[in-house]
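Per-entry structural report
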Amino acid sequence: MIIDIFGKVVEVVKRDPEWIVFYRGNEGKKRLARDIVIPSDVGEDDLLTYLFDIYHEDSTERNPEVKTVG
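Since the structure is predicted, the reported quantities are computational estimates derived from the model, not experimental observations.

Next up on the list: the pattern of salt bridges. Once their charged atoms are close, side chains differing in charge can pair, the charge on each being opposite to the other. Overall, the coordinates contain 3 salt bridges when judged by the stated rule. A salt bridge links Arg24 to Glu11, with the nearest nitrogen and oxygen atoms 3.0 Å apart. Of this pair, Arg24 sits in strand β3 (residues 18-24) while Glu11 sits in strand β2 (residues 8-15); the two residues are 13 residues apart in sequence, bridging distant segments of the chain. For Arg24, a relative accessible area of 44% translates into the label partly exposed. A relative accessible area of 13% places Glu11 in the buried class. Residue Glu65 pairs with Lys67 through a salt bridge whose shortest N-O separation is 3.7 Å. Three or more residues are tied together by salt bridges with common partners; here these are Glu11, Arg24 and Lys30.

Encoded structure:
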């Protein structure tokens with residue numbers, strides 16, 4: 001799932017039991033986002049809310065939300 005976290009676009013994958021987060025480059029390459037940690041007990045339905053709560057300080061007028069983009 002591709003998620004925009006206040007303007008920072010990442011790919012989030014559930015590999016039971018863990019969530020793995022990747023930064024995506026323009027050329028299609030990915031690298032592990034070690035600075036974004038999602039606890040394994042966060043469900044998919046709660047993922048956007050969790051990311052909003054943790055990273056809300058990154059919110060700006062231009063990028064005020066956490067949303068799926070693909």
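Bridge count between strand β1 (residues 2-5) and β2: 4 bridges; the pairing is antiparallel. For Asp4, the partnering residue across the bridge sits in β2 and is Val9. In textbook terms, the turn of a hairpin is the stretch between consecutive antiparallel strands, and for β1 and β2 this stretch comprises 2 residues, one of which, Phe6, has a positive phi near 50°. Between β2 and β3, which pair antiparallel one after the other, the connecting turn spans 2 residues.

Conventions we followed
Residue numbers run consecutively from 1 along every chain, following the written order of its sequence. Local features in a predicted model are, by the rule used here, given only for residues with pLDDT of at least 70; side-chain atom pairs are given and counted only at 80 or more, and totals for whole chains, interfaces and linings are based on all residues. Heavy atoms from the whole structure form the basis of all side-chain values; hydrogens and water molecules are not counted. Take a side-chain nitrogen of Lys or Arg and a carboxyl oxygen of Asp or Glu: if they are within 4 Å of each other, that pair is a salt bridge. The helix and strand labels rest on DSSP assignments: H or I over at least four residues marks a helix, E over at least two residues marks a strand, and numbering proceeds from the N terminus. Only protein chains enter the calculation, and the probe is 1.4 Å; a residue is then buried if its accessible area is under 20% of its type maximum, exposed if over 50%, and partly exposed in between. At least two DSSP bridges between two strands are needed for those strands to be called paired.

Treat this as a map of the structure, not an account of what it does.
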